[in-house]
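Working through the structure, step by step
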Amino acid sequence: MSSSDVAAPHSSNGKDVEQLETVVIRFCGDSGDGMQLAGTQFTNVSATFGNDVSTLPDFPAEIRAPAGSLSGVSGFQISFSSRDIYTPGDEVDTLVAMNPAALKTNLADLKRGGTLIVNEDAFDKGNLGKANYDHNPLDDNDALAGYRVHKVPMTRLTRDAVEGLGLSQREADRCRNFFALGLVYWLYERDAKPTEEWVNQKFARNPSVAEANLRAMRAGSNYGFSTETFTVHYHVAPAQLKPGRYRKITGNEALAFGLATVAKLSGKGLFFAGYPITPASDILHELSKLKNFGVRTFQAEDEIAAMAACDGAAFAGELAVTASSGPGICLKGEAMGLGMITELPMVIINVQRGGPSTGLPTKTEQSDLMLSMFGRNGESPLPIVAASSPADCFDAIQEAFRIAVTFMTPVIFLSDGYIGNGAEPWQLPEISDLKPITVRHPEGPNGENGEFLPYLRDENLARPWAVPGTPKLEHRVGGLEKADVTGNVEYSPTNHQHMTDVRARKVAKVAEFIPEQELEGPDSGRLLVLSWGGTYGSVRTAVRRAIDAGHSVAHAHLRHLSPFPRNLGDIISRFDKVLIPELNTGQLRFVIRATFLADAVGLNKVQGKPFLISEIYHKIESLLED
């Protein structure tokens, strides 16, 4: 474990307490074992305590995979620390495995010397067979010699703890996740009070279930305290976070809060149209709770209808937004083009997942950059904004809408499964610190002869946003090419050339509106690491490690992918080499090479998992050795 080697004091029961700086825990078990719940509660407790946290939920694509199967394993990884962290960690310090399948699929990630806690009651003949074991791995002392192994009869102890509450055996066994949670709470000196309050609120109408979960959790804690097998437990001090109020937030939650904030800042209603798709559905779920903030949600019959509804809402003068993942974005393509040619402001959120087609629905990937840039018919460039972390979604979605209404254009917002489902502490902002979003609707004609000219452009090449029903602002809209200024249908070759050029120049002008690209590290040197999206945490940590080791390396993380920041080419030119880590086969690298003629090198991974810090650090070292 990442220990600071502080002398271990003794606790009241005679067991040592070891001080640690950073810990990585993974709960894993069958998809019905409540591992996501256990991980979420541990995250909440650690965030309440004041640790910096970063999480990685990992669950099967199937709604209910066969119990005990390898494909049905669900996991939740959390890193919590007394310092700033940016990833859920590389190697696991403590692994909680609820059955043989969970052990088999996760043991390789447990570091040597790490703590392994298993529910030994689940290692019966049936479960061993489902996990393709021909023997009980808990009896293989050689294979487990490198770990601190704790075989805990969780099923039996949980049943004992809830005895007398009138629960069936199946209901009793569903409390095993709280036994495991209580044990890990004791192991890392966590205060269970926030979880106790959550349980009482969640099961207020079913007090026997609430009591069963609380008993199971206390039994787990008591087991750690009283058993002789745990000779030490651990303490991770609070992190030195900036002063303020914090809460744990996922990327999808941050998007919902950010969208509600957009409505408040602009004084406009926000209309969300969507169709359920993993991993974007939670945005709709969260927004549906925010009606009192001027938010209206609409679950359409399919992705095409959701996008078309956004076009209609934007035409009606509403702040329009939709969210989906790769397959749904493909279906939205034609109606996105309609929004682009009619030059109406809206935001299209893409929470990327593994593809192609259905692909890996619950796994993360960054493979929709080309789709976002070129996935519409005709010449139809759109601005692209990408979030870097769960909390960053709150600010980035506001920036996307600010671009949309300033330049009268749809904007694509890129997140991914890792960002959307992952969580980290988020400091609640001061209202006074939020930048306003100004929306202007014309109130009368703008032509010299008293007519309304719907495509008369301002300094940003943006046309006026007329609200239907406003007297004397009647005008045509539609997907056919139109004449500039008047908006009348116009098929002439020269007009089409002109309109195509104008729409492209408008998107290019966004580069003058957004900030210049920031750089962490030296202004010039041997290696620039260029990243985007959810790779931010791993890349930033790896680059800082390389800088601390004395290497000439810097890091630039892109929020704006179309257009690029206006100084990006200058930054790239100041470095001998450029490394672009991506969770795809090299999409940003392709665009960077084409745009700046830079001989960029890629580090590419499409395994449904985020980068490890070590993977990026080793690539940095290898490039600097050449």
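Located above this text is the structure these notes cover.
Scoring rules and cut-offs
- Residues numbered from 1 in each chain as written.
- Predicted model: local features only at pLDDT ≥ 70, side-chain atom pairs only at ≥ 80, totals over all residues.
- Heavy atoms only, no water.
- Core = buried A, V, L, I, M, F, W, Y, C linked by side-chain atoms within 4.5 Å.
- Buried < 20%, exposed > 50% of the residue type's maximum accessible area, 1.4 Å probe, protein only.
- Helix = DSSP H or I, 4+ residues; strand = E, 2+ residues; numbered from the N terminus.
- Contact = heavy atoms within 4.5 Å.
- Pairing = 2+ DSSP bridges.
- Axes fitted to C-alpha atoms, helices over the stretch in contact; angles between N-to-C directions.

If you look at the biggest cluster of nonpolar residues, it comprises 94 residues, and the most contacted ones within it are V347, I349, F413 and L561. If you tally residues by element for this core, the top one is helix α14 (residues 392-407), at ten residues. If we skip the residues at most four places from it in the chain, L561 touches L369, M373, I384, A386, L414, W532 and L588. With 46 residues, the next largest nonpolar core counts I25, V96, V152 and L157 among its residues.

Glancing now at the pairing of strand β7 (residues 148-152). Where strand β6 (residues 110-119) and β7 come together, five bridges link them in parallel fashion. Counted as the bridge partner of V118 is K151 from β7.

Looking now at the side chain of T250. Relative to the assigned elements, T250 resides in strand β9 (residues 246-250). Judged by its relative accessible area of 14%, T250 is buried.

At the junction of G355 and P356, the peptide bond is cis and its omega measures out at 0° in the coordinates. Relative to the elements of secondary structure, P356 occurs in the loop between β13 (346-352) and α13 (369-374). Positioned with a positive phi, N132 is a non-glycine residue whose angle comes to about 65°. Here N132 lies in the loop between α3 (125-130) and β7. With relative accessibility at 54%, the residue N132 sits in the exposed group. Phi is positive for L461, close to 65°, though the residue is something other than glycine. Mapped onto the elements of the fold, L461 is located in the loop between β16 (423-427) and α16 (493-508).

Moving on, we get to the sheet that holds strand β11 (residues 295-299). Taken in spatial order, the seven strands of this open sheet run β11-β10-β12-β13-β15-β14-β19, and their pairing is mixed. Each edge of the open sheet carries a strand with a single partner, namely β11 and β19 (560-562). Across the sheet, the mean angle from the axis of one strand to that of its neighbour is 20°, orientation sign disregarded. Of the pairings in the sheet, the one linking strand β14 (residues 384-386) to β19 comprises two bridges and is antiparallel in character. Bridge pairing in β19 places V385 opposite H560. Strand contacts of helix α9 (residues 251-266): β10 (270-274), β11, β12 (319-324), β13 and β15 (410-416), with the helix running at about 170° to β12, the strand carrying the most contacts. Each of β10, β12, β13, β14, β15 and β19 is contacted by α14, which is oriented at about 165° to β15, the strand it contacts most.

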